[in-house]
Amino acid sequence: MPVVQRPSSGPSLLGGSIVLPVNECRHDLPPRRVSPWTGEAGTSGTVAVVGAGKMGLPLAAQFAGHGWDVIAVDVQEAVVAAINAGRSHIGEEPGVAELVASAHAAGRLRATTDGAAAARESDVVVLIVPVMLDAAHQPDYRYMDSAVDAIAPSVHTGSLVIFETTLPVGDTRGRFAPRLEAASGLRAETDFVVAFSPERLYSGAALRNLSTYPKLVGGLSAASTERAAAFYDAVLDAEIVAMTSAEAAEFSKLADTTYRDVNIALANEFAAYADRVGVDIREVIAAANSQPYSHIHQPGLGVGGHCIPVYPHFLLSRAPELSLVARSREVNDGQIEIAVAAVREAVGGSLQGVPVLVLGITYREGVKELAYSRAIPLLAALRDAGASVSAHDPLLGDDEIRALDAEPYRWGERSDARAIVTQTGDARWRALDAAWFPDLSILVDGRNSLSGLPLPAGVAYRGIGVGVPGRS
Ligand SMILES: NC(=O)c1ccc[n+]([C@@H]2O[C@H](COP(=O)([O-])OP(=O)(O)OC[C@H]3O[C@@H](n4cnc5c(N)ncnc54)[C@H](O)[C@@H]3O)[C@@H](O)[C@H]2O)c1
């Protein structure tokens, strides 16, 4: 057998590195337009997509691309105006701008702020507005409640209402179906049907994921599951998975995302131990994952974005006994302390007045999203310790950096920073030149992406489970 370079470059599930094949479209397009839509194969109707954001707009474009008449509903006038001009307002999402333009030109995509009117005209209503967390880590329903209240009076006999937004287990049946019934005066499962089908897309690959990831569908009854599955079968090319209940579908999304949070917490604990015993965690994980049942994720400065750090709390809000889930959240949120402690040690104790540069402010590279980015508490922790904080992110302008109480750093400029912390794994950090930072004492590589970067003698390198104390 050949001797492989360590770490092995063998197959891995890490970070979505298994690329699923795209399913070719198997539909006869255009479908036959019917009104009302009854679920018959080969036919199309009208669908309202409520919440035309980063996920809703790709969905709307996909549905229109499969011959449906799509009404995008959003509370933001600017979003509605852009769609009605045939423009996508979301960046960094391959294929969406083209699909929006062609669907609009074909007269199959329009937008409105009037959810009630859209639902009245539609056979299907898909809700994809955010549910977030409040300060006490409980679900904050304000956007979804208001979206449901807007469409509910227009739900009519034969309507199919689908929730795609991630929800705590039981909400489709226990919270939202009664709200729809109360405002419409109709009975769910008798007059109209309701289902949950989680959105599982990865920002930056939405359209590709729509044609690869199996679509999970669970209704309030077998009839609603069947109707919702028929809808997705008409508009998607991926496999449709009919589940036994809305609750099973809700739980699946929380299980998938929470698994990743717990897995990353384990990787973070392993990284701390790797530091203690002087081994490189990347080598360990790559070797462990060469056993096909091992899928250990990567350690880092914690988990950001409005999915993975949020959904464990949706689970915990109904199941506080899930102590492993709670502990994992603590571990991942605590990771930024590693960076603060490393900088403190490198500069000899106090951070008072010490210039520190943070690179990568969005929650991950390439996605302009600050939600739950670990950069925000990292900047705050450095500031609270007295550091003079500057920051750079290729996706953020100077004003956006200043809004986070940091001084903008322009890439390539000379700086008096004594410490640099990378919070994202952006490939451009590899072009960093230590000559720009003559006073530099330490580079904290928060995503373990820079270990090969040449650093002058006297500048410490610290990764997460990579930089062995005393090795710099
Ligand atoms: N972004 C992701 O990576 C991702 C991935 C998988 C699933 N999701 C799911 O998708 C949901 C939406 O995420 P997103 O990234 O599209 O959010 P987003 O913030 O990009 O878009 C949400 C849109 O909803 C609109 N909106 C808010 N309240 C509304 C209302 N009452 N009526 C109509 N429109 C309203 C907003 O104006 C905005 O345009 C998330 O809560 C999550 O459950 C997101």
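Just so you know, these numbers come straight off a predicted model, no measurement behind them.

Cut-offs used in this document
- Residues numbered from 1 in each chain as written.
- Predicted model: local features only at pLDDT ≥ 70, side-chain atom pairs only at ≥ 80, totals over all residues.
- Heavy atoms only, no water.
- Pairing = 2+ DSSP bridges.
- Helix = DSSP H or I, 4+ residues; strand = E, 2+ residues; numbered from the N terminus.
- Axes fitted to C-alpha atoms, helices over the stretch in contact; angles between N-to-C directions.
- Contact = heavy atoms within 4.5 Å.
- Near = heavy atom within 4 Å.
- Polar contact = N/O pair within 3.5 Å; in protein donor to acceptor, adjacent residues only side chain to side chain.
- Areas by Shrake-Rupley, 256 points an atom, 1.4 Å probe, with all protein chains shown as cover.
- Nonpolar A, V, L, I, M, F, W, Y, C, P; charged D, E, K, R; others polar.
- Domains from an automatic or database assignment.
- Buried area = accessible area lost by both parts, 1.4 Å probe.
- Parallel < 35°, antiparallel > 145°, perpendicular 65-115°, else oblique.
- Buried < 20%, exposed > 50% of the residue type's maximum accessible area, 1.4 Å probe, protein only.
- Right-handed = clockwise from strand over helix to strand, strands pointing away.

A. Here's a closer look at the sheet that holds strand β10 (residues 193-196). With mixed pairing, the eight strands of this open sheet are ordered in space as β5-β4-β3-β6-β9-β10-β11-β12. The open sheet terminates on both sides in strands that have one partner only, identified here as β5 (109-112) and β12 (240-242). The mean angle between the axes of side-by-side strands here comes to 25°, regardless of whether they run parallel or antiparallel. The pairing of strand β4 (residues 69-73) with β5 spans four bridges and is classified as parallel. Among the inter-strand pairings, A72 is bridged to a residue of β5, identified as A111. Across the sheet, helix α5 (residues 142-151) lies against β3 (46-50), β6 (124-127) and β9 (160-163), angled at about 165° from β6, the strand it touches most. The strands touched by helix α8 (residues 222-235) within the sheet are β3, β6, β9, β10, β11 (215-219) and β12, with β11 carrying the most contacts at an inclination of about 150°.

B. Local environment of the site of the ligand. Looking at the ligand, there are 26 residues lining it, with K54, M55, D74, Q76 and T166 nearest. Here an oxygen atom of the ligand and a backbone polar atom of M55 are 2.8 Å apart. At a separation of 3.1 Å, a nitrogen atom of the ligand approaches a polar side-chain atom of S146. In isolation the ligand offers 820 Å² of accessible surface; the protein chains occlude 90% of this area. By residue number, the principal contributor to the shell around the ligand is α5, which donates three residues. Its residues placed into classes, the shell around the ligand shows 13 nonpolar, nine polar and four charged. Per-domain counts for the shell around the ligand show at least three residues from each of domain 1 (44-244) and domain 2 (247-472).

C. A look at the domain arrangement of the chain. Its domain assignment divides the chain into domain 1 (44-244) and domain 2 (247-472). The gap between the C-alpha centroids of domain 1 and domain 2 is 34 Å. Listed as interface residues are 28 residues of domain 1 and, on the opposing side, 23 residues of domain 2. For the pair domain 1 and domain 2, the summed buried area comes to about 2,300 Å², and 58% of that belongs to carbon and sulfur atoms. Its largest share of buried area at the contact with domain 2, domain 1 owes to L133, T166 and V169, together 26% of the area lost on that side. Contributing elements (two or more residues each) for the side of domain 1 that touches domain 2: β7 (132-133), α6 (171-184) and β11. Among the residues forming the side of domain 1 that touches domain 2, the class breakdown is 14 nonpolar, eight polar and six charged.

D. Layout of the packing of α6 against helix α9 (residues 246-277). At a minimum axis separation of 9 Å, α6 and α9 run at an interaxial angle of 110°. Classified by the interaxial angle, the pair formed by α6 and α9 is roughly perpendicular. Judged by residue contacts, D171, T172 and R173 of α6 engage A246, E247 and E250 from α9.

E. Broad picture of the side chain of S88. Within the secondary structure, S88 sits in the loop between α2 (77-84) and α3 (96-105). Classification of S88 by relative accessible area gives buried; the value is 18%. Looking at S88, its side chain comes within polar contact range of the main-chain oxygen of I90, at 3.1 Å. Excluding residues within four positions of it along the chain, S88 makes contact with L57, V96, A97 and V100.

F. Structural context of the pairing of β3. The element β3 is largely enclosed, with a buried count of five among its five residues. Of the two faces of β3, both are covered, the one formed by T46, A48 and V50 as well as the one formed by V47 and V49. The pairing of β3 with β4 spans five bridges and is classified as parallel. In the strand pairing of β4, A48 is matched with I71. Since β3 and β4 lie parallel, the crossover through helix α1 (residues 56-65) that links them has a hand, and here it is right-handed.

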